[in-house]
Amino acid sequence: MKQFNKQAASLLIAAGMGLAATAGWSAESLQDVMKRRGLSQQDLLAASKTYVPTGKRDDFVAFSSGGQSGQVIVYGIPSMRILKYIGVFTPEPWQGYGFDEESKKVLAGGRIDGKDITWGDTHHPGFSETNGEADGQFLFINDKANPRLAVIDLRDFETKQIVVNPIMKSEHGGAFVTPNTEYIIEAVQYAAPLENKKFYPLEEFNEKYRGAITYWKFDRKEGLIKPEQSFSLELPPYSQDLSDAGKGPSDGWSFTNSFCSERYVGGIEKGRPPYEAGCSAKDTDYLHVINWKKAAELVAQGKAKKINGHNVLMMETAIKEGILFLIPEPKSPHGVDVTPDGKLLVVAGKLDTHVSVYSFEKIMAAIKAGKFEGKDPYGIPVIGMKDALHTQVSLGLGPLHTQFDSKPCVAYTSLYVDSQVAKWNYCEGKVLDKLSVHYNIGHLMTMEGDTMKPKGRYLVALNKLSIDRFNPVGPLQPQNHQLIDISDDKMQLIYDMPIPLGEPHYVVAIEAAKLKPAVRYKVGTNSRTDKPHPGAVRAGEEKTIKKGNKVEVFATLIRSHITPETIEVEVGDEVTINLTNLERAQDETHGFTVSTYNVHASVEPGKTASVKFKADKEGVYPYYCTEFCSALHLEMQGYLLVKPKGWKAGTKTLAKGNYTEADYKATVKKVVDTQAIIDSVVAYITSVNYKDFPDVVAMVEDAFDQLGKTKGLKEKHEGFAAKKDWENANLWAEQIWQYQVKTADLGLRAKTYLEQNGAKKVK
Ligand code: CUK
Ligand code: CUA
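Keep in mind that what you see is a predicted model, and the values were worked out from it rather than measured. (Residues numbered from 1 in each chain as written. Chains lettered and ligands numbered in written order. Predicted model: local features only at pLDDT ≥ 70, side-chain atom pairs only at ≥ 80, totals over all residues. Heavy atoms only, no water.)

### A closer look at the layout of surface pockets
Selection rule: Cavities and pockets were defined on a 1 Å grid built over protein atoms only: a cavity is a set of grid points that admits a 1.4 Å probe from which the probe cannot escape, a pocket is an open set flanked by protein on both sides within 12 Å along at least five of seven lines, and lining residues are those with an atom within 4 Å of any such point. Grid points are joined across faces, edges and corners, and a volume is the space filled by probe spheres set on the points. Runs of E in the DSSP output that reach at least two residues are strands. Runs of H or I that reach at least four are helices, and both are numbered from the N terminus.
In this model, the largest pocket occupies a volume close to 1,800 Å³. Surrounding the largest pocket, 39 residues form its lining, P517, A518, V519, Q586 and D587 being those nearest its centre. Mapped by element, the contributors of at least two residues to the lining of the largest pocket are strand 3 (82-87), helix 13 (694-708) and helix 15 (726-756). At three residues, helix 13 tops the list of elements feeding residues into the lining of the largest pocket.

### As for the sheet that holds strand 29 (residues 456-463)
To be explicit about the condition: Pairing between two strands requires that DSSP report at least two bridges joining them. Convention adopted: a line fitted to C-alpha atoms gives each axis, helices being fitted over their contacting stretch, and angles between N-to-C directions are expressed from 0 to 180 degrees. In this analysis, two residues are considered to be in contact whenever any of their non-hydrogen atoms come within 4.5 Å of each other.
Pairing is antiparallel in the open sheet, where four strands are placed in the order 28-29-30-31. Both outer strands of the open sheet, strand 28 (441-447) and strand 31 (492-499), are each paired with one neighbouring strand and no more. Pairwise comparison of adjacent strand axes, ignoring direction, gives a mean angle of 20 degrees for this sheet. Note that strand 28 and strand 29 share five bridges and pair antiparallel. Looking at the pairing, M447 lines up with G456 of strand 29. Strands strand 29, strand 30 (479-485) and strand 31 of the sheet are contacted by helix 4 (residues 41-50), whose axis makes an angle of about 65 degrees with strand 31.

### With respect to the packing of aromatic side chains
Note the threshold: Stacked, tilted and edge-to-face are the three classes applied to pairs of Phe, Tyr and Trp rings, where Trp contributes its six-membered ring and a pair requires centres within 6.5 Å; stacked means planes under 30 degrees apart, edge-to-face means over 60, and tilted covers the rest. When a residue's accessible area, from a 1.4 Å probe over protein chains only, is under 20% of the maximum for its type it is buried; when over 50% it is exposed; and in between it is partly exposed. In this analysis the charged atom, NZ for Lys or CZ for Arg, is taken to sit over a ring once it is within 6 Å of the ring centre and within 35 degrees of the ring normal.
Applying the stated criterion across every chain, the model contains 24 aromatic pairs. Arranged with centres 5.3 Å apart and planes meeting at 25 degrees, the rings of Y215 and F231 form a pair that is stacked. Remark: F231 occurs in strand 11 (residues 224-235) and Y215 occurs in strand 10 (residues 211-219); sequence separation between them is 16 residues. With respect to burial, Y215 and F231 carry one shared label: buried. Here the aromatic residues W253, F255, F325, F360 and F372 are joined through ring pairs into a cluster of three or more. The ring of W732 has K716 lying over it, and the distance from NZ or CZ to the ring centre is 4.0 Å.

Structural data, given as structure tokens:
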């Protein structure tokens, strides 16, 4: 270390940046920088509110839909630094998602009619909840285009399951969870016949096309959706849109709105007015009010009908049992959001300037009294709007979605047409503040803002257009997530974040402290199932097994080698390579690929992943580690030899190097010197309270693991030296040094960590 500093210093001096230059170095003052960059006091204030200095972390972590990318984007708030893209419906090469066997199985869960669908139109992420609060355990997200829902485990931020909706052809209103994650709600978007592959002409739209809402049962212990315990409700073909689950007093109920209750069927090409005209003709659409707890009981009593093998409560049953009601809502509404106390529902009509606030208490009173203004064409009782309304507030043009503050009665609603966020009081029905955003805001999101305990502080505006905010990158422009400080009475815009991956309709954020992701797996874990992987082996157990034309390799990865380093197969063999990462140190991921066979695995510490392919081409195919994991990462390599059928080895042996006794002695000296450095680092680490730092304990464990591998190698190189086999003597001594380097690398990292984190001397 010291040596390095000396070298660096002499390099700087040589480059003319020594003492003489320091005079001209006088640091720029804050005022200088402001002047040079044209920054205002306001800019500076904003910067200081979002800047997270190196080594510090964000207070909140956001999970954004990745829109058409079919992924989830994870970023920190307030820094807006992107932390991860999670592969969900779409292959994600870095994580090996869709390129290793374990993740291919997850993606296969999303096949529809036997076909792979390798993209998704993700809209609404939702956290698992406990007692109405985000608990940081799971994240769910939907695919609008191909009606599917995915489960992401927040212990490792990996997708574990994709389920296909059995009765829908598209969906939008998902994923919304009930207050204890009993169910994940998914509502249809465009009506279609519920039976699979059933054709009915558009002329039979009113009779044969149907909307629906699905309640997916979630098993928290297994971390999986249970399709056989899930059920749906048949609904009229009203283009159901977003949903929200009741909470507190309204727990047990859910609310779903709709936007084309006209049931209009377009046909521009036949001279008919288009959908947009016919779907917005009436002044009101319908808010659906559903008692899901009672619905679940009815399904348990066998009152559901099986459609495509799935439990569906038909409208007739729902009406008879009194679990389905409608309320008029103005006009082409989009979002429905239940207030944190569960007492009120906020609905925004895209073509109305108002938000309408409904009272759950009033809705229940009307139902109890049997007070309805009539029935819809399917016989569903309709509660009068006046009988259910708490208040209406005029906010501006194009209100869409609403989120809540930690301050009582304060809500924020996006105004798409006005490109504004409106802050308003839903108890008293008055506007408090408005702020312009850039441009055309869709959703907006406050910290844990759709739970029973919103955290306030920040709001993110998800703007559909960015227009002039960023450096131009061609006609397809990024979306703009704008960070707004909501801690004061007046909202303050403090950051623009380009989103370059798709149109993220919605994002949810959680207190960072609630997330407790692991840094390593138990050795030999299949991360997609969280079960021991049958292909896992420990160090020394690596092997290749051939049965007929099936070759199975049980390999390990550790800095800086792959065992085995040669894999020999015959052309036409089916090859499976199981890879276990033996590392325990944080962030020591190894990647694995084989040239031209389109496989890739990301093998994080402890994980076992496998790749599988048919070796259908004779030839020589290098394989290597794809993560720069160590100084000798490039040397983490091997050869897949695909031999012609019946090929016989000749008598030729591997070429030898030209090593002398002097080479051997130099290597041995290097080993002795390096051991001295290791000893001094170990002396330091053990002189302080390193055991109080779990991260350091893991590094120390790993360091000694590496050092332990030198066992027996000294005898080995000395044995070869005695026989004057200088090649083997030198290389086995060199291998000791390789292990020492990794030990020293970890040791120095641990030392730096201890020094920077205030380790104390122990006696
Ligand atoms: S939707 Cu896109 S802005 Cu899918 Cu929730 Cu409202
Ligand atoms: Cu392992 Cu690079």
